[in-house]
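Here is how the chains run, residue by residue.
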Amino acid sequence: MKNRLKILRAERDWSQAELAGRLDVSRQAVNAIETGKHDPSLPLAFRMSRLFDLPIEAIFKDDVDG
């Protein structure tokens, strides 16, 4: 799954650690999601959606279509 997490974080000038704190996850979890190594749980995706005030679909894109 592709995501815009790194871009959204950079637009707010947040470090991975700061974003992790806002989401109540580890910095390593943020890094793994940003780099596509792991997909977030549904509850975490909803927290990201609320934090960035965007629909989940604006943050994450299924890469099945390429």
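One can find the structure itself at the top, above this paragraph.
Predicted model only: the values in this text are computed from it and were never measured.

Participant: How do you make sense of the packing of helix α2 (residues 16-23) against helix α3 (residues 27-34) when you look at a structure like this?
Facilitator: The axes of two packed helices give the description: the angle between them and the distance between them. Axis separation between α2 and α3 bottoms out at 8 Å; the angle between their running directions is 105 degrees. Viewed along their axes, α2 and α3 adopt a mutual orientation that is roughly perpendicular. From α2, Q16, A17, L19 and A20 reach across to α3, where they touch R27, V30, N31 and E34.

Participant: It is not clear to me how the side chain of Q16 should be interpreted in this structure. Could you clarify?
Facilitator: Within the secondary structure, Q16 sits in helix α2. A polar side-chain atom of Q16 sits 3.1 Å from a polar atom in the side chain of R27. Only 2.8 Å separates the side chain of Q16 from the side chain of E34, close enough to count as a polar contact. With sequence-adjacent residues up to four places away left out, Q16 is seen in contact with R9, R27, V30, N31 and E34.

Participant: Which parts of the structure should I look at to understand helix α4 (residues 42-52)?
Facilitator: Note: α-helices contain 3.6 residues per turn, so residues at a spacing of three or four share the same orientation. Turning to α4, its buried residues are L44, A45, M48, S49 and F52. Down the axis of α4, the buried side of the element spans an arc of 145 degrees, and every buried residue falls inside it. Relative to its buried face, α4 has exposed residues pointing more than 90 degrees away, namely P43 and R50. Just downstream of α4 lies D53, where phi reads positive at about 55 degrees.

How each quantity is defined
- Residues numbered from 1 in each chain as written.
- Predicted model: local features only at pLDDT ≥ 70, side-chain atom pairs only at ≥ 80, totals over all residues.
- Heavy atoms only, no water.
- Axes fitted to C-alpha atoms, helices over the stretch in contact; angles between N-to-C directions.
- Helix = DSSP H or I, 4+ residues; strand = E, 2+ residues; numbered from the N terminus.
- Parallel < 35°, antiparallel > 145°, perpendicular 65-115°, else oblique.
- Contact = heavy atoms within 4.5 Å.
- Polar contact = N/O pair within 3.5 Å; in protein donor to acceptor, adjacent residues only side chain to side chain.
- Buried < 20%, exposed > 50% of the residue type's maximum accessible area, 1.4 Å probe, protein only.
- Arc of directions from axis to C-beta.

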